[in-house]
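# Report on the structure
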Amino acid sequence: MDCIEKDMISELSCPLQETILGFLPIRDAVRSSALSRKWRHKWTMIPHLIFDDQFFDSKRKNLRQYQDKKLRAHGFVSVINKVLLLHQGPILEFSLTNLEGCDTKIVHDYISQWLPLLSRNGIKKFNLKNCHFDNIAAYGFSSLDLTQLRLDGVLFSTSPSFRSFTCLRSLELVDCINNKPSIFVCPVLGELVLIYCEGLLPNNFRAPNLKRLKQAICKLPLEYSLAGLPNLKEFSCTALTIPMINAKAFSGVNFLDSLHTIEKLSLKFTFVKYLVAGGCPVKLSKLMPHLKILLLSGMELIHLSDITCLLCLMQSAPNLKKLHISAMEINDAVEGNLRNYLAKKFVDCTFEHLEIVTCTWLRGLRDELELVKFLLANSPLLKKMFIHHCVTVRTDVALNIAEEMLQYARASSEAQIRFLKDDLNIEYF
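Because the structure is a prediction, the values reported are computed rather than measured. (Residues numbered from 1 in each chain as written. Predicted model: local features only at pLDDT ≥ 70, side-chain atom pairs only at ≥ 80, totals over all residues. Heavy atoms only, no water.)

## What about the confidence of the model for the protein?
The following threshold applies: Every residue is assigned a pLDDT by the predictor, reflecting its confidence on a scale from 0 to 100. The helix and strand labels rest on DSSP assignments: H or I over at least four residues marks a helix, E over at least two residues marks a strand, and numbering proceeds from the N terminus.
Here the protein averages 82 in pLDDT, and 85% of its residues register 70 or above. Per-element mean pLDDT across the protein ranges from 60 in helix 1 (residues 2-5) up to 95 in strand 7 (residues 191-195).

Quick look at the structure:
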């Protein structure tokens, strides 16, 4: 009974109480003010204000009666306004997610009013998720000492005040537009994510310390380059469209030559098509000695150009340890003669440090099997090779393929072949 009567949490120090409240959703943290007089203002010191779907669920029920987007917007932002006005401590993180069915102009105007308040309270992380502001100029985020910034659907101004982010370490832009050429100076930026950002390319950023770059783009422009990122360690890019005839002017070789410091390289969907559009050599003039992990998805393994690109990257990475290949299904595919091509072009090819290989969405085509045989025969340190078949492959065909693969000669006495029932998430490869 003595333990029950004691208020153990209230006896903790104020920093510990604030830490506990910080782990709660903001709605529950605010509700703690009803516990007692001592707890009335405890929540006002939490440093992270996360206004997500969970926070707005109850408000959505109350605002369903309003069909007007302006009334809904005022209803939502009034709640945020009240929290900001009552808050007393530093605000290190502010996150706003998905104000569905609201007038974006009103939300934009309120954010412009919140920024000076957040700046005075030491804001470090600012996130706008699924909050699209079409045809609205970007706010003065560069005036804040932010270390992390995520924006959705923002039109960047060409004003100098929007170009310099001196403290920013992580930047994520989704559906953002940059109408006129502009340079963003980010001296300490370590991670950059660009998702369908029209007019924004890696060479728009002066980021000498950038280590990780992730990008999704509809098509690669001819001026696409990573030359201004000398310390890049991880690069992942997804291209969605097949290059046109004039894409031959895109120099994939020059692009790859700028990746001499890369450690992890991930190219998805049609990106490989852009690399081979202008021709691909057997080996790059500049090696990638630091590359350890290579992931290529959307590969057409029956096309010699794709195979050449794959082996060119592998031969240019003498210390490669992990390789992931994801095949693309092609209707009415016509196979070439990969065996003779490999014997002619890659006779002395050896992958000295390759340890793990994963091949997914294979259909059991002869050229695919020849590639598997080639990798097994030329990888003396290989430990495991994982094989995953396309769902359209019949069970009896898959069994025959497995039996054939198990008979292939292996350069490594430790090499094991394992067959996967399900595809794997290559992000965790």
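## Overview of unusual backbone geometry
Worth spelling out the cut-off: Only protein chains enter the calculation, and the probe is 1.4 Å; a residue is then buried if its accessible area is under 20% of its type maximum, exposed if over 50%, and partly exposed in between.
Although it is not a glycine, Asp175 sits at a positive phi angle of roughly 55°. Note that Asp175 resides in the loop between strand 5 (170-174) and strand 6 (184-185). Under the relative-accessibility criterion, Asp175 is labelled partly exposed at 35%. Look at Phe269: it is not a glycine, yet its phi comes out positive at around 55°. Tracing the backbone shows Phe269 in strand 11 (residues 264-269). On the accessibility criterion, Phe269 (45% relative accessible area) is partly exposed.

## As for the environment of Ile195
Selection rule: Between two residues, a contact is recorded if the distance between any of their heavy atoms is within 4.5 Å.
Within the secondary structure, Ile195 is located in strand 7. Exposure remark for Ile195: the relative accessible area of 23% places this residue in the partly exposed category. Here Ile195 is in contact with Leu173, Val174, Asp175 and Ala216, once residues within four sequence places are set aside.

## What about the pattern of salt bridges?
What counts here: Here, a salt bridge means any Lys or Arg side-chain nitrogen found within 4 Å of an Asp or Glu carboxyl oxygen.
According to the stated counting rule, one finds nine salt bridges in the structure shown. In this structure, Arg150 and Glu172 form a salt bridge, with 2.8 Å as the shortest nitrogen-oxygen distance. Taken together, the positions of Arg150 in strand 4 (residues 148-152) and Glu172 in strand 5 put the pair 22 residues apart, joining distant regions of the chain. According to the relative accessible area criterion, Arg150 is buried, its value standing at 15%.

## Quick look at the packing of aromatic side chains
The line we're drawing: Here is the rule: rings of Phe, Tyr and Trp (six-membered ring for Trp) pair when centre to centre is within 6.5 Å. Planes less than 30 degrees apart are stacked, more than 60 are edge-to-face, and the remainder are tilted.
A complete count under the given rule lists eight aromatic pairs for this structure. When the ring of Tyr110 is compared with that of Trp114, the centres are 6.1 Å apart and the planes differ by 45°; the resulting orientation is tilted. Taken together, the residues Tyr110 and Trp114, both in helix 6 (residues 104-120) and four residues apart, mark about one turn of the helix. Taken individually, Tyr110 and Trp114 each receive the classification buried, so the pair is uniform in this respect.

## Brief notes about a nonpolar patch on the surface
Rule in force here: Like charges within 9 Å and nonpolar side chains (Val, Leu, Ile, Met, Phe, Trp, Tyr) within 5 Å are joined into patches, using only residues over 30% in relative accessible area that form no salt bridge. Accessible surface is estimated by sampling points in the Shrake-Rupley manner with a 1.4 Å probe; for residues, cover comes only from the protein chains shown.
Judged by side-chain polarity, Ile9, Leu12, Leu16 and Ile20 come together as a nonpolar surface patch covering roughly 320 Å² of accessible area. Topologically, Ile20 is positioned in helix 2 (residues 14-22).

## Focus: the pairing of strand 9 (residues 212-217)
For clarity, the cut-off: At least two bridges found by DSSP between two strands are what make those strands a pair.
Two strands pair when backbone bridges link them, and strand 7 and strand 9 are joined in this way by five bridges, in the parallel orientation. Bridging from a neighbouring strand, Glu191 pairs with Arg212 of strand 9. Pairing of strand 9 with strand 10 (residues 234-239) involves six bridges; the strand directions are parallel. Looking across to strand 10, one finds that Lys214 is bridged to Ser236.

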